[in-house]
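This is what each chain is made of:
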Amino acid sequence: ELTVSMQREEIQETSVPFFGMITNDIGCIKLKIFNENAGRDVKDAFDSLKRSNPNMKGLVLDLRGNPGGLLNEAVNIVNVFVEKNQLVVTTKGKVDEWNNTFKTTGEPSDTKIPVVVIVNSMSASASEIVSGSLQDLDRGVVIGQKSYGKGLVQVTKNLSYNTMLKVTTAKYYIPSGRCIQ
């Protein structure tokens, strides 16, 4: 018999469970979800890799199994590698108010280092925005399997009995005009 004392607390889990060097000159960042700190976590991981490995010649951004998440974090991650004011994604719907453009807003960490993005059949939504945008903006090469294809903008509406309805309002289009749906 074993008695254990525990204290409940909220655990802040990072969106980047791993980053490191996979060879002497190739870094890797694994991003598992686009939560509210994903852009900062990827930027911090990348900056740390560059500081500790000044001869790094390339980066692998691993988005396999990433189901997506917050759109603004996808834009922030693209901004790590792309200049300010670059188009990342547009949304187009049947109602004009659902049409939006999203551009990078900050200064990038690096615009030269080659980036390879790995995706698989479970990479969806924001993962596809990041991989497609980096590809369209000639900042990355996408390898792996065909991704999930979730290119819909969805909003939630509160209903009675503490329930919600998810409504599709628009589709995502990456810089080349391709819809990821």
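Our structure's up above, just so we're on the same page.
One structure accompanies this document, and this report is about it. Here the structure is a predicted model, which is why all the values come from computation and not from measurement.

**Re the nonpolar core**
In globular proteins that are soluble, nonpolar side chains generally tend to be buried together. With 36 residues, the main nonpolar core has Ile29, Val130 and Leu134 as its most contacted residues. Going through the elements one at a time, helix H1 (38-52), strand E3 (58-62), helix H2 (71-81), strand E4 (87-93), strand E6 (115-119), helix H3 (126-136) and strand E9 (163-173) are the ones with two or more residues in this core. No other element matches H2, which puts 7 residues into this core. If near-sequence neighbours (up to four positions away) are discounted, valine 130 is found in contact with Phe34, Leu61, Leu63, Ala74, Ile77 and Val78.

**Comments concerning the sheet that holds strand E2 (residues 26-30)**
Strand-to-strand pairing in sheets goes through backbone hydrogen bonds, with the strands running parallel or antiparallel. A sheet is described by the order of its strands in space; here 5 strands give the open sequence E1-E2-E3-E6-E7, paired in mixed fashion. Two strands lie at the open edges of the sheet, namely strand E1 (18-21) and strand E7 (140-144), each paired on one side alone. Adjacent strand axes in the sheet meet at a mean angle of 20 degrees when their direction is disregarded. Strand direction decides the pairing type here: E1 and E2, joined by 4 bridges, are antiparallel. Within the sheet, the bridge partner assigned to phenylalanine 18 lies in E2 and is lysine 30.

**Regarding the pairing of E6**
The buried count for E6 comes to 4 of 5 residues, which makes it a mostly enclosed element. As judged from the 4 bridges shared by E3 and E6, these two strands associate in the parallel manner. By the bridge assignment, valine 60 is partnered in E6 with valine 116. As paired elements, E6 and E7 share 5 bridges and run parallel to each other. Of the residues in E7, the one forming a bridge with valine 119 is glycine 144.

**Details of the sheet that holds strand E5 (residues 100-103)**
Across the sheet, 4 strands lie side by side as E5-E4-E9-E8; this open sheet has antiparallel pairing. Here the strands that pair on one side only, and so sit at the sheet edges, are E5 and strand E8 (152-159). Between one strand axis and the next, the sheet turns through 30 degrees on average, direction left out of account. Summarising the sheet, E4 and E9 pair through 4 bridges and their orientation is antiparallel. Counterpart to threonine 90 in the pairing with E9 is tyrosine 173.

**A few points about the packing of H1 against H2**
Interhelical geometry of H1 versus H2 gives an angle of 20 degrees and a closest axis separation of 7 Å. It follows from the interaxial angle that H1 and H2 lie roughly parallel. You can see that H1 and H2 cross each other, and the crossing is right-handed. For the pair H1 and H2, contact is made by Ala38, Gly39, Arg40, Val42, Lys43 and Phe46 and by Glu73, Asn76, Ile77, Val80 and Phe81, respectively. For the contact of H1 with H2, a count of residues per class yields 6 nonpolar, 2 polar and 3 charged.

**A closer look at the packing of aromatic side chains**
Note on aromatic pairs: each is described by the distance of the centres and the angle between the planes. In total, this model carries 1 aromatic pair according to the counting rule given. A centroid spacing of 5.3 Å and a plane angle of 75 degrees characterise the contact between phenylalanine 46 and phenylalanine 81, whose relative ring orientation is edge-to-face. Placement of phenylalanine 46 in helix H1 and of phenylalanine 81 in helix H2 is noted, with a sequence separation of 35 residues between them. Across this residue pair, the class does not change: phenylalanine 46 and phenylalanine 81 are buried. We note lysine 92 situated over the ring of tyrosine 173; from NZ or CZ to the ring centre the distance is 4.7 Å.

Conventions we followed
Residues numbered from 1 in each chain as written. Predicted model: local features only at pLDDT ≥ 70, side-chain atom pairs only at ≥ 80, totals over all residues. Heavy atoms only, no water. Core = buried A, V, L, I, M, F, W, Y, C linked by side-chain atoms within 4.5 Å. Buried < 20%, exposed > 50% of the residue type's maximum accessible area, 1.4 Å probe, protein only. Helix = DSSP H or I, 4+ residues; strand = E, 2+ residues; numbered from the N terminus. Contact = heavy atoms within 4.5 Å. Pairing = 2+ DSSP bridges. Axes fitted to C-alpha atoms, helices over the stretch in contact; angles between N-to-C directions. Parallel < 35°, antiparallel > 145°, perpendicular 65-115°, else oblique. Left-handed = near helix turned anticlockwise from the far one by under 90°. Nonpolar A, V, L, I, M, F, W, Y, C, P; charged D, E, K, R; others polar. Phe/Tyr/Trp six-rings, centres within 6.5 Å; stacked < 30°, edge-to-face > 60°. Lys NZ or Arg CZ within 6 Å of the ring centre and 35° of its normal.

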